[in-house]
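# Structural description and commentary
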Amino acid sequence: MREPRNPFRLRSAEDIESDATFLRLFGPGILELLVSDDLWERPKIFRSAPGGGKTSLLRLFTPNVLHTLHAYRTTEECRELHQKMCDLQVLRDQGPVLLGVILSAARNYASLTDLEGDPHRKRRLLFALLNSRIIIAFLRAALALKGATFPNDLTRLTILSPSTQIPMPIPELPCRGTEAYDWAREVEASVCKSLDSFGPDELPSVVGHDSLFSLSLISRESFLFDQEAIAERFLFMFDDVHLLTSLQRDILLNTIVEARRGMTVWISERFEALSPDELLTSGAILGRDYGGVVSLEDYWRERPKRFESVVLNIADRRARAAADIEIGAFDPSLETSLDGMEWQDQFRSALDAIKLRVLTLAQNHTQFTEWVAVTEAIQGTPRERANTWRALEILIQREKRKSQTSFDFPLSSEDLEDKDNSAVNAAAELFLADEFGLPYYFGFSKLASLASSNIEQFLWLAGENFEEVASNALLGRSPRLSPDRQDSIIRRAVKRAWEEIPRRVRKGRDVIYFLEAIGSLAKQETYRPSAPYAAGVTGIAISMADRNRILQANNATGVDLSTLRDVLASALANNLLEPILDYKCKGERWMVLNLNRFLCVHFGLPLQRGGWREQSLLTLCDWLAHGFKPNKKDGVLIS
Amino acid sequence: MSAELEAPKYWENYILDIGESVTQFWAQHLGTGPRDLLFILGCGFDPRTILGVETLFGLGGQGKREVLAITLDEGATSPSMTHLSAVETNREKLQKLVEGRGVITATSVQMQAEDGRRIGSRNAAGVIKDLLQLQPFSDVILDISALPRAIYCPLIAKILYLLKHAPPDSGCARINLHVLVSEDPALDDAIKEEGISDTASYVYGFGGGLEMESTTDLPKIWIPVLGEKQEEQLKRVYDLVSPNEICPLLPSPSRNPRRGDDLIYEYRELLFERLRVEPSNFVYAAERNPFEVYRHIKRTVAQFRDALKPLGGCKAVISAHSSKLLSLGVLLAAYELKEANGDVGIAHVESQGYTMNPTLPETKSELCGLWLCGECYEP
């Protein structure tokens, strides 16, 4: 298959057919999610919003991908990945030593719930379908790992009786792979046929299993190829578990915890698998049971620099894979400076305007004389000087607010140095861009921040930029994108995504009202003249006590909390809001809800995290009913 | 040429009426003698709800007249709830139309389970439980104008199944099944889906074989019937199917001769950048002829099966992203392929509800009628 013109458009693992291309585009940094002492000992749950990178991670452990990685181990693109997989004891010098199988829950399991019959029968059918599919998937994967042909070489596989005493409905053990396959195929076919039939339910009552015995049946000791062990380690990966019904999911997770298994089990699911209660507790309920929950976005959120380096690696790999242009790295395609000649005039006129404003503001206030003199003496590019003056304006505004209660003593240059911090400079940069129509959302670091720790979101926005890089290269122009082009490409993409929310998201219309309110509040607070919450406000918080009220849909406040609860759950499930639980601040505990960074573009907000405003449940419900109403007294700054 | 390519098609010869000829057909049909009609329709906010029943009942004729009105229970928070007054208006109009001529029975289809799962498709097939419900009638008319795809596809398939598998002595083999649909592109454009599902799924009755692990190695072909503003749905169906080959079906010839080009332009990035569709894979069928869509889909599937025979054949998934009229072609093809024991699926993406632009364009709905089974297909 020909290389794509814009490889950033290949978002999900499923988009990439060839294993070699998949490996070429895979950023090895993602494997740090797996570094733990008990990686192979305990079940793990990988959880994220759509596009977090779960399925790509799982695909890496399947036989054909492992064989391809082993074959390409000496190439520059695969060397690091190969080494990391060796460190995880998945590959050795002779090749793969792990038998990994992915099974997707994106099948007809949930439909079993709709069949006639009691819950017990439905549970037995669920186990039957799972057992048959797990056995078929392992038979197929085993042959792939051994380089044999499916189904011709099934006779070379043997399943022995396992040591555990679990009743198994397979006719006779030990058996050949062929017999196991025929049995499993028949079980699967009978259940699927019944699920799909327009006629009466003809499924014999005998079809159905009492347990998920397949996870005990298949093990290093009992599953052989030519009478020898197939692999050192067996891994079963159940993908898209959020597509099971909540009852099925509970049954599955409990069974996995309780079962004596001959293999490691990994589960992957989206946040939406969680009930509103679980979402609002950030999955803590299950987290306690497993101890092995990896929340992908949370992991990267705590390590923003690592995430930036991981996505930089991914971006470079994608850029190199482009069909029509030769580009060694993505980062250099994005200009990161506004100090070029083309911006000088704009910054000079901004500088003049700001300087005039500051001088007017400081007029008749002797306390600012030294600050003005120090700032006047600072050298630098027009951009740096405009920024410094804008920061000074913010600081003077702050002092003037305070001066109502203090004396007009002159402020020293040391005072200015103390106050002149990175947050104020960041706010100055934002204000400057907003007031003078300068680009703000540009450069690789900001692009990585805009991803909100989600790989697919990064690929989406980077892909929008790369589209123009590729087009420029095709037209023989410089492929480098100026800051204003990047800014306008990002804004255009975000606008489209914002408009899609009502259609794309459950309760989308309410969700968008709610986000609009948060964004409006954040904008109002961020752009106050004294920038009291520099670099800006990008979220809200509710007390943990209020969060508990939402969980219990406790309407003690006199308002119906059920809509708020559903809207919050939908926004969290779709990664539009990023929760931080149990955040301690000023003697209280809070649930902070930050806007997804791409939404910050929609509201013209900074991308730094930290600023949020406390809100009462009454206010939130009022936002849903009537929208945001600006109110200067509303809320208290906490962080 | 393979046997499948040469196999006779049930709808090789068909009856399709559009516009005025629908009225002419029914005037003639009802004039042949007493006919007992069961009219099934969706009772929603769509202004086209009663157009079909109004036309038919206005033609008079002798025999029983019964209406089965389906309401969709999308939950209290559905965006469609904002149009309750329009639903009520349609219900009143329907009542007046039927008053003194027949009986209205109402049935509700629950679209969402308590846990949020979409169950409308399966429940729709349960609207007609067995042959006993159809036995008293000579003609069953299903008006899909105000019904979503997730409802009318399984419902038509279920009725077809019951009638075509009716025991010879049941007297049901001669029951006629007609489908009516009021086409109005401007109105379709004014009605928008809201809160579409995160994932695509298979329409009830068309998916079991697709999801089997034992045949997961078989290549999959996907035939999306393209229509406007469906990018998100196309992406979600693609994610569900993960096809090896994609054969988009474009409406051509069409009233707007550039419509096919416009669709290619609209989806160029998705089709050629992400999905990497081979330009030679496009299939074309007339915009207003579902039977042509049916024929082309069947031929495409048969050709792929023939070509991929050395690999064990292939599975086929069809998805309709265009008008209801063309969706019927998808359904007919899938039904026949399923009956021939083929692994075929109809994929779709459900939505939480619909919103309608309050400033509706003046509707110029055109009634289309298909006769799908019964007397005219008797050998």
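All residue numbers here refer to positions counted from 1 along the written sequence of the relevant chain. The naming scheme follows written order: chains are lettered A onward, ligands numbered 1 onward. Only residues with pLDDT of at least 70 get local features here, since the model is predicted, and only at 80 or more are side-chain atom pairs given and counted; chain-wide, interface and lining totals rely on the full set of residues.

So, on to the overall build of chain A. The helix count covers DSSP runs of H or I at least four residues long, the strand count covers runs of E at least two residues long, and both are numbered beginning at the N terminus. Counting its regular elements, chain A contains 25 helices and 15 strands. Using C-beta atoms placed from the backbone, we call a residue buried if 20 or more other C-beta atoms fall within 10 Å of its own, exposed if 12 or fewer do, and partly exposed for counts in between. For chain A, the residues scored as buried account for 49% of the 639 residues in total. Distance between backbone-placed C-beta atoms decides contact: two residues are in contact if it is within 7 Å. The long-range fraction of contacts in chain A, counting pairs at least 24 apart against all pairs at least 6 apart in sequence, stands at 76%.

Regarding its fold elements, chain B presents 12 helices and 16 strands. In terms of C-alpha radius of gyration, chain B reaches 20 Å, essentially the compact-globule figure of 21 Å for 379 residues. Each principal axis of the C-alpha distribution contributes one length, and for chain B these read about 60 × 50 × 45 Å. Scored against the burial criterion, the 379 residues of chain B give a buried share of 51%. Counting only contacts in chain B whose residues sit at least 6 apart along the sequence, the fraction spanning at least 24 positions is 84%. Here the radius of gyration uses the C-alpha set of atoms, whereas the globule reference equals 2.2 Å times the residue count to the power 0.38.

Let us now look at the sheet that holds strand 9 (residues 233–239) of chain A. All names here are of chain A. Strands are treated as partners if at least two bridges between them are detected by DSSP. In spatial order, the strands read 4-9-10-1-11; together these five strands make up an open sheet with parallel pairing. Where the open sheet ends on each side, the last strands, each with one partner, are strand 4 (98–104) and strand 11 (293–295). Averaged over neighbouring strand pairs, the angle between their axes works out to 15° when direction is ignored. Here strand 1 (residues 44–48) pairs with strand 10 (residues 264–270) via five bridges, running parallel. Bridge assignment links K44 to a residue of strand 10, and that residue is W266. Note on geometry: axes are lines fitted to C-alpha atoms, helical ones only across the stretch in contact, with angles between N-to-C directions running from 0 to 180 degrees.

With that settled, consider the confidence of the model for chain A. Residues and elements named next belong to chain A. Across chain A, the average pLDDT comes to 86, with 89% of residues at or above 70. For every residue, the predictor assigns a confidence score, pLDDT, that lies between 0 and 100. When pLDDT is averaged over each element of chain A, helix 3 (residues 63–71) comes out on top at 97 and helix 10 (residues 284–290) at the bottom at 43. Under a pLDDT of 50 for its full length, residues 283–289 has, in the predicted model, 12 contacts with residues more than four places off or in other chains. Contacts from residues 634–639, a stretch scored under 50 in pLDDT, to residues over four places away or in other chains number 18 contacts.

Let us now look at the packing of helix 5 (residues 119–145) of chain A against helix 6 (residues 177–195) of chain A. All names here are of chain A. Relative orientation of the contacting elements helix 5 and helix 6 amounts to 140°, with a least axis distance of 9 Å. When the interaxial angle is binned, helix 5 and helix 6 end up oblique. The chirality of how helix 5 crosses helix 6 is left-handed. Counted together, L125, A128, L129, S132, R133, I135, I136 and L139 of helix 5 and G177, A180, Y181, A184, R185, V187, E188 and V191 of helix 6 form the full contact between these two elements. An angle below 35 degrees is read as roughly parallel, one above 145 as roughly antiparallel, one from 65 to 115 as roughly perpendicular, and any other as oblique. When the near helix sits turned anticlockwise from the far one by under a right angle, the crossing is termed left-handed; a clockwise turn instead gives a right-handed crossing.

All names here are of chain A. The first and last C-alpha atoms of helix 17 (residues 422–436) sit 21 Å apart over 15 residues, in line with the 21 Å expected at 1.5 Å per residue. Along helix 17, the residues classified as buried are V424, A427, A428, E429, L430, F431, L432 and A433. Looking one or two residues past helix 17, G437 carries a phi angle of roughly 60°, positive in sign. Expected helix span is given by 1.5 Å per residue-to-residue step, counting one fewer step than there are residues.

Contact with chain B, which involves 33 residues of that partner, is made by 40 residues of chain A. Taken together, the elements giving at least two residues each to the side of chain B that touches chain A come down to helix 5 (120–125), helix 6 (149–164), strand 7 (191–196), helix 8 (231–241) and helix 10 (268–274) of chain B. The biggest single contributor to the side of chain B that touches chain A is strand 7 of chain B, with four residues. Partitioned by chemical class, the residues of the side of chain B that touches chain A number eight nonpolar, 10 polar and 15 charged. Residue polarity is assigned by list, with Asp, Glu, Lys and Arg as charged and Ala, Val, Leu, Ile, Met, Phe, Trp, Tyr, Cys and Pro as nonpolar; anything else, Gly included, falls into the polar class.

Once that is clear, we can look at the sheet that holds strand 13 (residues 577–585) of chain A. Residue and element names in this part refer to chain A. Strands sit in the order 13-14-12-15 across an open sheet of four strands; the sheet is mixed. Each having just a single partner strand, strand 13 and strand 15 (611–614) make up the two edges of the open sheet. Between one strand axis and the next, the sheet turns by 35° as a mean value, whatever way the strands run. Pairing analysis gives five bridges linking strand 12 (residues 537–543) to strand 14 (residues 588–595), with the strands arranged antiparallel.

Turning to the environment of F39 of chain B, a few remarks are in order. Residue and element names in this part refer to chain B. Along the chain, F39 turns up in strand 2 (residues 37–42). You can call F39 buried: it has 25 C-beta atoms within 10 Å. The spatial distance from the C-alpha of F39 to the C-alpha of D139 is 8.4 Å, given a sequence separation of 100 residues. The residues touching F39, leaving out its near neighbours within four places in the chain, are V53, L56, E66, V67, I141 and D143.

Another point: the environment of D169 of chain B. Looking at the element boundaries, D169 of chain B is found in the loop between helix 6 and strand 6 (176–183). Along the primary structure D169 of chain B and V293 of chain B are separated by 124 residues, whereas in three dimensions their C-alpha atoms are 34 Å apart.

What follows covers unusual backbone geometry. Note that the residue after F150 of chain A, namely P151 of chain A, is joined by a cis bond; omega there is 0°. Here P151 of chain A is to be found in the loop between helix 5 and strand 5 (157–159). Here the bond from L173 of chain A into P174 of chain A is cis, since omega is 0°, no more than 30 degrees from zero. The topology assignment puts P174 of chain A in the loop between strand 5 and strand 6 (175–176). One non-glycine residue with positive phi stands out, namely S452 of chain A, at about 50°. We classify S452 of chain A as buried; it has 24 C-beta atoms within 10 Å. The phi torsion at R276 of chain B lies on the positive side, around 50°, for a residue other than glycine. With respect to the helices and strands, R276 of chain B occurs in the loop between helix 10 and strand 12 (283–285). In this structure R276 of chain B comes out as partly exposed when scored by C-beta crowding, with 17 C-beta atoms within 10 Å.

Residues and elements named next belong to chain A. Along the chain, L624 falls in helix 25 (residues 617–626). Under the C-beta neighbour-count criterion, L624 is labelled partly exposed, with 17 such atoms within 10 Å. Distance in space between the C-alpha atoms of L624 and R42 is 43 Å, their sequence separation being 582 residues. Among residues more than four places away in sequence, those in contact with L624 are D510, Y513, F514, T563, L564 and V567.

What follows is about the pairing of strand 14 (residues 344–348) of chain B. Residue and element names in this part refer to chain B. Most of strand 14 is tucked away, with five of its five residues classed as buried. Pairing of strand 8 (residues 201–202) with strand 14, which is carried by two bridges, proceeds in the antiparallel orientation. Each residue of the ladder has a partner; that of S201, found in strand 14, is H348. Orienting the strands away from the viewer, one traces the path from the first strand over the helix to the second; a clockwise path indicates a right-handed crossover. Considered for its hand, the β-α-β crossover made up of strand 13 (residues 315–320), helix 12 (residues 324–339) and strand 14 is right-handed.

With that settled, the discussion passes to helix 19 (residues 455–474) of chain A. Residues and elements named next belong to chain A. For helix 19, which comprises 20 residues, the first-to-last C-alpha distance of 27 Å matches the rise-based estimate of 28 Å (1.5 Å per residue) to within 8%. What we call the bend at a residue is the angle made by axes fitted to the seven residues finishing there and the seven residues starting there. At G463, helix 19 is bent by approximately 25°, the largest bend along its length. Of the residues trailing helix 19, G476 is marked for its positive phi of about 80°.

Attention now moves to the packing of helix 12 (residues 304–320) of chain A against helix 19 of chain A. When two helices pack together, their arrangement is captured by the angle between the axes and the distance separating the axes. Residue and element names in this part refer to chain A. At their nearest, the axes of helix 12 and helix 19 sit 11 Å apart, and the two run at 45° to each other. Judged on the interaxial angle alone, helix 19 and helix 12 are oblique. Relative to helix 19, helix 12 is oriented so that their crossing is right-handed. The residues of helix 19 that touch helix 12, namely those facing V311, I314, A315 and A319, are I455, F458, A462 and F466. Residues that form the contact of helix 12 with helix 19 fall into these classes: eight nonpolar, no polar and no charged.

Before going further, it helps to examine the pairing of strand 14 of chain A. Here is the key point about a regular strand: its side chains alternate between the two faces of the sheet. All names here are of chain A. The element strand 14 is largely enclosed, with a buried count of six among its eight residues. In the sheet, strand 13 pairs with strand 14 via seven bridges, with the strands oriented antiparallel. Opposite L577, over in strand 14, you have L595 as the bridge partner. Counting the residues between successive antiparallel strands, the hairpin from strand 13 to strand 14 contains two residues, one of them, K586, with a positive phi of roughly 50°.

Okay, the confidence of the model for chain B next. As a note on interpretation, predicted positions should not be read in detail where pLDDT is low. Residues and elements named next belong to chain B. Considering every residue of chain B, the mean pLDDT works out to 89; 96% of them sit at 70 or more. At the level of individual helices and strands, chain B shows its lowest average pLDDT in helix 1 (residues 3–6), which scores 61, and its highest in strand 5 (residues 139–143), which scores 97. Overall fold confidence (pTM) sits at 0.85, and the ipTM for the predicted complex is 0.87.

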